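Geometric and topological summary
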Amino acid sequence: IRIKSDGTQTVEPVAASDDAGNLNPVPIAFNGDRLVLELYGTGIRQRSSLVNTLVYFNGLAKIPTYAGAQSEYWGLDQVNVELPPSLAGAGFVDVVLEADGRFSNDVALVFR
């Protein structure tokens with residue numbers, strides 16, 4: 001989610017399919033805006049507390065602003081975490097979610 005200085009928000013993809021059906025990261029640029037990453041999974045709402053939920057960006061830990069039930073689909077959980085501006089220009093970054101000591105698979109984002 002891109003949040004402009006005037007408060008307007010837009011949703012942007014972080015991955016796209018190529019002609020062979022492979023999912024590839026779409027480069028993310030801050031352009032002076034705040035960016036919030038939405039992650040989805042299951043079992044996250046059973047976490048003990050928000051401070052025991054972390055999102056790692058190449059090892060840099062961030063506490064999400066939200067980690068719990070996603071309101072539209074029963075059983076689906078959502079995590080919202082603000083992307084640190086220090087990731088600008090970082091290239092490929094591994095992202096991993098930790099909830100109560102349990103880790104997700106890593107996914108790659110690309111920052112320019």
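Data block above holds the structure.
Residues numbered from 1 in each chain as written. Predicted model: local features only at pLDDT ≥ 70, side-chain atom pairs only at ≥ 80, totals over all residues. Heavy atoms only, no water.

**Here's the deal with the pattern of salt bridges**
Scanning the model with the defined rule gives 5 salt bridges in all. With a closest N to O distance of 2.5 Å, Arg45 and Asp77 form a salt bridge. Placement of the pair is Arg45 in the loop between strand E5 (34–41) and strand E6 (53–57) and Asp77 in strand E9 (residues 77–82), with a sequence separation of 32 residues. Through salt bridges with shared partners, one network takes in Arg2, Lys4, Glu12 and Asp33. (Salt bridge = Lys/Arg side-chain N within 4 Å of Asp/Glu carboxyl O. Helix = DSSP H or I, 4+ residues; strand = E, 2+ residues; numbered from the N terminus.)

**Some points on the nonpolar core**
Counting residues in each nonpolar core, the largest one holds 18 residues, and the members touching the most others are Leu37, Val55, Phe57, Val79, Leu83, Leu87 and Phe111. Of all elements in the fold, only E5, E6, E9, strand E10 (91–99) and strand E12 (107–111) reach the threshold of two or more residues within this core. With residues near it in sequence (within four places) discarded, Leu83 still touches Phe30, Leu35, Leu37, Phe57 and Phe111. (Core = buried A, V, L, I, M, F, W, Y, C linked by side-chain atoms within 4.5 Å. Buried < 20%, exposed > 50% of the residue type's maximum accessible area, 1.4 Å probe, protein only. Contact = heavy atoms within 4.5 Å.)

**Things to note about the sheet that holds strand E2 (residues 9–10)**
The strand order across the open sheet built from 5 strands is E2-E1-E5-E9-E8, with neighbouring strands paired in antiparallel fashion. Each end of this open sheet is capped by a strand with a single partner; those strands are E2 and strand E8 (66–69). The sheet contact formed by strand E1 (residues 2–3) and E2 spans 2 bridges and is antiparallel. Of the residues in E2, the one forming a bridge with Ile3 is Gln9. (Pairing = 2+ DSSP bridges.)

**So, the side chain of Gln78**
Examined against the element boundaries, Gln78 turns out to sit in strand E9. Within polar-contact distance, the side chain of Gln78 engages the side chain of Asn80 at 2.8 Å. Among residues more than four places away in sequence, those in contact with Gln78 are Glu38, Leu39, Tyr40, Tyr66, Ala67, Gly68, Ala69 and Gln70. (Polar contact = N/O pair within 3.5 Å; in protein donor to acceptor, adjacent residues only side chain to side chain.)

**Points about the pairing of E6**
When you tally the buried positions in E6, you get 5 out of 5 residues, the bulk of the element. Residue alternation in E6 divides its side chains into two sets, Thr53, Val55 and Phe57 and Leu54 and Tyr56, and both sets are buried.

**Quick word on unusual backbone geometry**
Negative phi is the rule for most residues except glycine; trans is the rule for most peptide bonds. Here the phi dihedral of Asn58 falls at roughly 50°; this positive angle occurs in a residue that is not glycine. Checked against the element boundaries, Asn58 lands in the loop between E6 and strand E7 (60–62). Phi at Asp100 takes a positive value of approximately 50°, unusual for a residue other than glycine. Among the secondary structure elements, Asp100 is positioned in the loop between E10 and strand E11 (102–103). Since its relative accessible area comes to 34%, Asp100 is described here as partly exposed.

**Some remarks on the side chain of Asp33**
The topology assignment puts Asp33 in the loop between strand E4 (23–25) and E5. Owing to a relative accessible area of 12%, Asp33 belongs among the buried residues under this scheme. Within polar-contact distance, the side chain of Asp33 engages the side chain of Arg2 at 3.0 Å. The residues contacting Asp33, other than those within four sequence positions of it, are Arg2, Ile3 and Lys4.

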